[in-house]
Amino acid sequence: MQPLVRRRQHSVALSAMVLRRLAIVFTSIVLPVAAHAVGTNAGLEIRNSAQASFSVGGIAQTPVNSNSTQTFVAELIDVVVVSTNAGPVGVSSPDVGAVLEFTVTNTGNGAETFQLIANVAVGGDDFNPALTQLYLETNSVPGLQIGASGDTPYLSPGNDPVLAEDESIQVYALSSIPAGLTQNNEGALQLRAVSTTIIAGSGTADPSDPDFPAPGTSYAGAGDPDEAGTGNVIAVVGATQDVNNLLISAEGRYVVSSAVVALTKTASNVVDPFGGATLVPGAVITYTLEVEVSGTGTAEALAITDLIPAELEYLAGTLAVSALPAGEEVDDDFAPVGIDNTGFDAGTQTVTVSLSDVAGGAPVITITFDAAIR
Amino acid sequence: MTLSIKDQLTRSLSRGAGAVRLFVLFSGLVLSAHATAEVTLENSVQKVETFVNESGETERRLLDADSVVPGDELRYTIQFTNNGSDVVDANSVVITNPIPENTEYLDDTAFGSGTVIVYSLDGEAFAAPEALTVMDQGVEVSASAKEYRAIRWIFEPELKPGESSHVSFNVRLK
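Everything numeric here is computed off the predicted structure, so don't read it as measured data.

Analysis parameters
Residue positions within a chain follow its written sequence, with the count starting from 1. Chains carry letters from A onward and ligands carry numbers from 1 onward, assigned in written order. Predicted model: local features are reported for residues with pLDDT of at least 70 only, side-chain atom pairs are reported and counted for 80 or more only, and whole-chain, interface and lining totals are derived from all residues. Here a strand is any run of E in DSSP of at least two residues, a helix any run of H or I of at least four, and the numbering for each starts at the N terminus. Once C-beta atoms are placed from the backbone, each residue is buried if 20 or more other C-beta atoms lie within 10 Å of its own, exposed if 12 or fewer, and partly exposed for counts between those two. Once C-beta atoms have been placed from the backbone, residue pairs whose C-beta atoms lie within 7 Å are recorded as contacts. For this classification, the nonpolar set comprises Ala, Val, Leu, Ile, Met, Phe, Trp, Tyr, Cys and Pro, the charged set comprises Asp, Glu, Lys and Arg, and every other residue, Gly included, is treated as polar. One requirement defines pairing of two strands: DSSP has to find at least two bridges between them. On a range of 0 to 100, pLDDT expresses the predictor's confidence in each residue. For this analysis, nonpolar core means a set of buried Ala, Val, Leu, Ile, Met, Phe, Trp, Tyr and Cys residues linked through C-beta atoms within 7 Å.

Novice: Would you mind showing me how to read the overall build of chain A here?
Specialist: Scanning chain A from terminus to terminus reveals two helices and 29 strands. Put simply, chain A has 374 residues, and 35% of those count as buried. Of all intrachain contacts in chain A linking residues separated by at least 6 positions in sequence, the fraction that spans at least 24 positions is 73%.

See the structure below:
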C-alpha cells in the first residue's frame, strides 16, 4: 500500500457517536396488579336507613323509619410503582446521564403525599449504579429534560409528590455508571414510594424494618377530611404495602452494552492519465470505506468524516453510499442544515456521511468516492 | 303527634311496684278502642372481616364499622320491635331497605327468620331474584345481585307486643 493511502486512513473519524444498547422490542413486561384506584373516596359518608309498614287488626298503620347509620369511608393508603422502560437500559462503562423511568400511581382512595427513595444496593445484579439525582416529570415533555425549562429535581421533603386518588407521576432516576465493567453486566436501581402518613405513623420508610406497618394497620385521624367537616377519617395501610408482595417499589436495570464500529478503508482502481495504474498527478483513485457495526448495541448518530488531504482533489458527484437513512441524500449543499449532512464540503475539504443510528449486526455499509492526485 | 291515652296511663302509673302489671291490664282495654301500635326499627352496621384462624381455617367475624375502606364487607342489621300493646298482623310487617349509595349488595346475604325476601332493581317493583331480569344486548338475562337497589322483607308471623326480630343484609363498599 502506498504511504499516501496509509496516511489517509488515520484521518477517518467517527463523530458524535453515542453507543447504546439495541432496544429489545419483544421483551414482555409483567406489570404488577392493575394500577387503578379502588372506588369510594375517603371521607365520604355511607348512610343507611330502613322503613317498615305494618297493620294492626287489618288497619294499616303509619309507616316508621329506622335511625340512619352513618359510616365514614376511611382512607386506604395504596401506591404502585412500576418501571416504565421497555427493558434494561443500555449504558457504557463508564457512563453519565443514564436514565431510568418509573411511574408512581396513587391507587388508594384519598389524596396522599409520598416520599420517593432510590436504592442502588439491590441484590441479584453485577454493579451498583451511582444515583446522581431523581427528577419529577413537571414540564409536560416526555422524557427527562434537565435545565431551566426542564423537569424538577426531587428534593425530599420539599417537593414530595402529592397525588390525588388515581393520579400518577413520572419519575426519572439519573445515574452514572462505574468504569471497568464488561459487556452485559447489569446494575439495578429500585424506586420506592412511601406514604408520608405511614412514615409519620410508624417512624420508618423501610419495608424491611419490623416497625413498617402490615396491611390493615390504621392511624386515627390521619386520613382525608370527612365530608361532614367533623374531622379527618382513619387512614388504613393497604395491600400494596404487603412486604410479601410489595408493590410500592419497582426495579429498573442498566446493562452495559456497547456497539463496536469497524471502519475499513481501501484505495483501488487507480487509473492514470495514460491508462495505466501509476500514482502520478492526474491519476484517479477510488476509495472504499466499509462501515461495520457489531455487538448488541446501536451506534447512535453515527457519522463518518474523511478529510481529503491537499495532495488530492475530490471529484464532484462521485460519492456513493450503499445504505443511507431516510432524509439523507448524497449532495454537496448540506441543506437542510442539521438534517441532510452527507456530501463533500469544499470549505473544509471533508467528505461527510451521516448514517444516523446503526444497529449492531446491520449489513456492512459501503461508501465510495473518487479523488484525483493533484 | 297526639298524646295517646296509653301514654297518659303509662305516666300516671309509672310510680310504684304495681305499675307494670296495671299497665298491661289497662292497655289492652284502651288500645282495643284506640289502635296505637308501635313498631320501631333500629338499624346498625358492622364490618364483616374474613381472617385465618390459628388452625389455618378461614373464619368470619363482625367488627365495629369505624374503619371502612373500599372492598370491605358491611352487614346492616335492622331490629324491629313491637313496642305497642297490640298484636301486629301476620304478613303485615314489610321492611324495605334501599342499598346504600357506593355499596353493592352481596348475593344471598339477605337474611330474616320467618320472612319472604324480595328485591328491586329500581326501588319500586319488588320480586324474587329469578323474576328480576335486565336486557343485555337485546337478550333478557337474570339481574346480578350487584344491580339490586333495594331489599324488602315480609315478616310472616304476627308480632306480639314486646316481641322483636331482625333482618340483615351484607354489602361491599365500592
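Next comes the rest of the write-up.
Novice: Just to check I follow, could you spell out the interface of chain A and chain B for this structure?
Specialist: Reports of interface size often rely on the accessible area that becomes lost once the parts have come together. Every contact between the two is made by 32 residues of chain A and, on the other side, 33 residues of chain B. Mapped onto the side of chain A that touches chain B, the elements with two or more residues apiece are strand E3 (45–48), strand E4 (51–53), strand E5 (55–56), strand E7 (64–65) and strand E8 (69–72) of chain A. Considering only residue class, the side of chain A that touches chain B consists of 14 nonpolar, 17 polar and one charged. Where E4(A) and strand E4 (residues 93–98) of chain B come together, three bridges link them in antiparallel fashion. Bridge pairing in E4(B) places A:Gln51 opposite B:Thr96.

Novice: Please clarify how unusual backbone geometry should be interpreted in this entry.
Specialist: Residue and element names in this part refer to chain A. Cis geometry is adopted by the peptide bond preceding Pro94, which originates at Ser93 and carries an omega value of 0°. Position of Pro94 among the secondary structure elements: in the loop between strand E11 (89–91) and strand E12 (95–106). For Asp166, which is not a glycine, the phi torsion comes out positive at approximately 80°. The topology assignment puts Asp166 in the loop between strand E16 (162–163) and strand E17 (168–177). If you check the backbone angles, Asn184 has positive phi at about 75° while not being a glycine. Mapped onto the fold, Asn184 is located in the loop between E17 and strand E18 (186–195). The class for Asn184 is exposed, based on 12 C-beta atoms found within 10 Å.

Novice: Sorry, what's going on with the confidence of the model for chain A here?
Specialist: The predicted coordinates of low-pLDDT regions are not to be read in fine detail. Overall, the prediction assigns chain A a mean pLDDT of 84, with 89% of residues at 70 or greater. Across residues 1–35 of chain A the pLDDT falls below 50, and counting only partners more than four positions away or on other chains, this stretch makes 61 contacts in the model.

Novice: I tried to follow the nonpolar core on my own but got confused; where do I start?
Specialist: When a protein is soluble and globular, its nonpolar side chains tend to lie buried together. Counting 83 residues, the largest nonpolar core has A:Val73, A:Ala74, A:Val81, A:Leu191 and B:Val93 as its most contacted members. Residue contributions to this core peak at five residues, all from E18(A). With 21 residues, the next largest nonpolar core counts A:Ala259, A:Leu302, A:Tyr314 and A:Phe369 among its residues.

Novice: How do you make sense of the confidence of the model for chain B when you look at a structure like this?
Specialist: Averaged over all residues, the pLDDT of chain B equals 82, while 79% of them reach at least 70. This model gives residues 1–35 of chain B a pLDDT under 50, and the stretch forms 28 contacts once residues within four places in sequence are excluded.

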